[in-house]
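# Residue-level structure breakdown
Letter by letter, the chains look like this.
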Amino acid sequence: GREAILQGESSPNEEDKSLRPQSISEMVGQLEVRERLKVVVDAAVKRDEPLGHILFDGPPGLGKTTFATCIPKDLGVNFQLTSGPALQAPKDLVPYLTNADEKSILFIDEIHRLPKAVEEYLYTAMEDFRIDIVLGEGTNARTINLQIKPFTLIGATTRSGMLTAPLRDRFPLREHLDFYTNEELAEIIRRNSRKLDVTIDDDASLEISKRSRGTPRVANNRLRWIRDYVTSKADGHITMQLAQDAMAMQEIDSLGLDNQDRKYLNTIIRVFAGGPAGIEAIAHTMNAAPETLADEVEPFLLRTELLVRTPRGRMVTTKSVEHIQKIMAAKGKG
Ligand code: ADP
């Protein structure tokens, strides 16, 4: 209801939650991924076995966490959530493994950031459902080998290339999530407008989708901003014109790029003469973290051919130079 939505506006995580699909059937797009998942889920249910471990990879905001939370709901099993950076040592992982019920899901986000010792500890847990536990301390310490309940690990990563082969190979099902089409994002925007109690014209939802970088999380953020905008400046109904005005106010351009995206392209163009330039040097110049650029900025620019990666570094394309020039010219006039 409305109250839950208002409460949800306090923190980004809560925000995500109120719009997050509650079942795989409520998810939009990713058809092939959903069909393969349906096969393994059906088979596990029919054999009355735990689902095999699943790895999701792809840029942020494309639905990795949503899949990981919908699968246990659809299966009616328990769910635990943690992340690579939160697991500093094997002892941090032990409670999750010993608490896991049979067939329950343990979700580890950012699994590429697990320290090596924790990763190795996971191997036997995933494969044989056994772990070593140290009891006592000092000279009294002894190790016991404990059988744990057969559970399912779901891992998510923005960097599948950073996973070691032994870890990757322990996931029988590995799914890559790709960017969404504008039509899929428009459908998400229409559905979420209803959830947010706001009405929207069809051309407006398509316009927002075109400027959401192929990413449901970005589409939801745009929609929330535009909803505030039309509530403040108009009668609460989203038209094409109001959507355009609201996005202009946030400096989101016709391709959906925001200030950070343009600053990144502009840095390569102006400071590095169009490239090639190394990501560390670009990040340093922009005063940004290289990981943030690689995870959140580059994937969409690469996908839309505004950026290319060469052995010698990142380079902008003619398309991006023209786009940046167009924006600068418009700014000059305004
Ligand atoms: P990730 O874990 O890949 O960073 P999330 O699963 O947190 O991304 O997705 C971000 C938000 O986008 C979710 O809260 C949800 O509202 C929305 N979302 C993601 N995928 C879909 C989808 N397939 N259909 C509808 N909404 C989606």
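Please refer to the structure higher up on the page.
Structure report, in brief.

The rules behind each value
- Residues numbered from 1 in each chain as written.
- Predicted model: local features only at pLDDT ≥ 70, side-chain atom pairs only at ≥ 80, totals over all residues.
- Heavy atoms only, no water.
- Core = buried A, V, L, I, M, F, W, Y, C linked by side-chain atoms within 4.5 Å.
- Buried < 20%, exposed > 50% of the residue type's maximum accessible area, 1.4 Å probe, protein only.
- Helix = DSSP H or I, 4+ residues; strand = E, 2+ residues; numbered from the N terminus.
- Contact = heavy atoms within 4.5 Å.
- Pairing = 2+ DSSP bridges.
- Axes fitted to C-alpha atoms, helices over the stretch in contact; angles between N-to-C directions.

## Some points on the nonpolar core
Core analysis: the biggest nonpolar cluster contains 60 residues, and Leu37, Phe56, Ile71, Ile238 and Tyr264 have the highest contact counts within it. Sort the elements by how many residues they give to this core and helix H10 (residues 216–233) lands first, with 5 residues. Among residues more than four places away in sequence, those in contact with phenylalanine 56 are Val33, Leu37, Lys64, Phe67, Ala68, Ile71, Ile154, Gly155, Ala156, Thr157, Glu175 and Leu177. Counting residues in each nonpolar core, the second largest holds 25 residues, with Ala100, Tyr123, Leu163 and Leu167 among its members.

## Thoughts on the sheet that holds strand E6 (residues 152–157)
Ordered by their spatial adjacency, 5 strands build an open sheet running E2-E3-E6-E1-E7, and the pairing between neighbours is parallel. Sheet topology places strand E2 (79–83) and strand E7 (173–176) at the edges, where each strand pairs with a single neighbour. Going from strand to strand, the sheet's axes swing by 15 degrees on average, the running direction of each strand aside. For strand E1 (residues 54–57) and E7, the ladder comprises 4 bridges, and the chain directions are parallel. In the sheet register, phenylalanine 56 faces E7, and the bridge partner there is glutamate 175. Across the face of the sheet, helix H3 (residues 31–47) comes into contact with E1 and E7 while running at roughly 165 degrees to E7.

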